[in-house]
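Chain residues, written in single-letter form:
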Amino acid sequence: MNTSNQLQTESSRKQQVKKRQYGIRVFFKGMAMGAADAVPGVSGGTVAFISGVYEQLIESVRSINPGLLLTWRKEGFKAVWQKIDGNFLLTLLAGIISSILLLAHVISYLLEAQPVLLSAFFFGLVSASVLAIYGEITDRSWKTTVALLAGVILMLLVNQLLPTLDTSNPLHIFMAGSIAICAMILPGISGSFLLLIMGVYGDVMHAVKSFELMTMLWFVSGCAAGILGFSQILSWLLHRFHQTTLALLTGVLIGSLSQIWPWRQVVSYKIDSHGRAAPITHDNLLPSVYEQLTGMSSQMVPALILMILGFALVWFFYRQADK
């Protein structure tokens, strides 16, 4: 083999490695999104935003529409796959599904065994996300200020705005899926938290664990309808009103911080269709007050360490993306 062929072979090998590394990065970003979505109060959309794949994800999902059938007939499957950015979407989805299957039980255990420490880590993560996304807003005008305040108010009122649904009604399951999936692609709004508010979180999780096919089909159908419709709206907003939309999302993130404050006490529940109580409203407390009211340790030092770790982790990835 001559020198020219060797150089070409080496160049080809490096390109293949680069593509493989890109795919691995997207896969792990998907895993991070799946892990976040498993925690009520945390949004996978937040992880997508801070990891730099948010707008690519929205555009990829938005491109899935009836027009693809015409593209398929005229240009074939390859053109359809390229139009929806299929490699990216499939890799990200594989990461999300893998995370749910592998980490859901771990996350559930930590929610029960170490709620303060888990919440502290995500509080630091979301706090850094607020600064990162706010830093992308270059138009600091009255419009973006109003949008930011509207986002905060919307998030603070969200548990008063949603109805209580009954999972014995297929249309209610469909509605729950369409609402939850819209939240999952919005930074700051947790789809699993909205399922808790609607009183169907326990039933949906039970359906997944018990493999109740009809319930899962109705829920997945709602998810598909919700994400395909909402991605069109979100893409339009990001293209036409990019700065205002970023400000609105920043406000939603700020409002979500009250849902993941580590030291809190449950003050109200919502009963689901099976009679199970799901906590939906909390009083946020100072660590010292938390110890007095609950009789449990505030775990102040490890909680602060994890809070700083979550903040630093997001800020590191944000600075890397900026470079």
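Residues numbered from 1 in each chain as written. Predicted model: local features only at pLDDT ≥ 70, side-chain atom pairs only at ≥ 80, totals over all residues. Heavy atoms only, no water.

Caption draft 1: Looking closely at the overall build of the chain. Summing up its helical and strand segments, the chain has 15 helices and 2 strands in all. For the chain, the proportion of its 323 residues judged to be buried stands at 44%. Expressed as a percentage of contacts within the chain between residues at least 6 apart in sequence, the contacts between residues at least 24 apart total 75%. Looking at the chain as shown, the accessible area adds up to about 17,300 Å², and 66% of this sits on carbon and sulfur atoms. (Helix = DSSP H or I, 4+ residues; strand = E, 2+ residues; numbered from the N terminus. Buried < 20%, exposed > 50% of the residue type's maximum accessible area, 1.4 Å probe, protein only. Contact = heavy atoms within 4.5 Å. Areas by Shrake-Rupley, 256 points an atom, 1.4 Å probe, with all protein chains shown as cover.)

Caption draft 2: Region of interest: helix 7 (residues 115-134). For helix 7, which comprises 20 residues, the first-to-last C-alpha distance of 28 Å matches the rise-based estimate of 28 Å (1.5 Å per residue) to within 8%. A large share of helix 7 lies buried, amounting to 16 of its 20 residues. (Expected span 1.5 Å × (residues − 1).)

Caption draft 3: The side chain of Thr245, seen in detail. Relative to the helices and strands, Thr245 is located in helix 13 (residues 242-256). Once you skip the residues sitting within four places of it in the chain, Thr245 turns out to touch Leu237 and Leu238.

Caption draft 4: Broad picture of the environment of Val314. With respect to the element layout, Val314 can be found in helix 15 (residues 300-322). Its relative accessible area of 3% is what places Val314 among the buried residues. For the pair Val314 and Ala132, spaced 182 residues apart in sequence, the C-alpha to C-alpha distance is 8.4 Å. Here Val314 is in contact with Ile50, Leu125, Ala128 and Ser129, once residues within four sequence places are set aside.

Caption draft 5: Inspection of the packing of aromatic side chains at higher detail. Under the defined criterion, the tally for this structure stands at 8 aromatic pairs. An angle of 75° between the planes, with centres 5.6 Å apart, marks the rings of Phe121 and Phe122 as edge-to-face. Phe122 sits in the buried class, given a relative accessible area of 7%. With centroids separated by 5.3 Å and ring planes inclined at 70°, the aromatic side chains of Trp261 and Trp263 adopt a geometry described as edge-to-face. Given a relative accessible area of 21%, Trp261 falls into the partly exposed group. (Phe/Tyr/Trp six-rings, centres within 6.5 Å; stacked < 30°, edge-to-face > 60°.)

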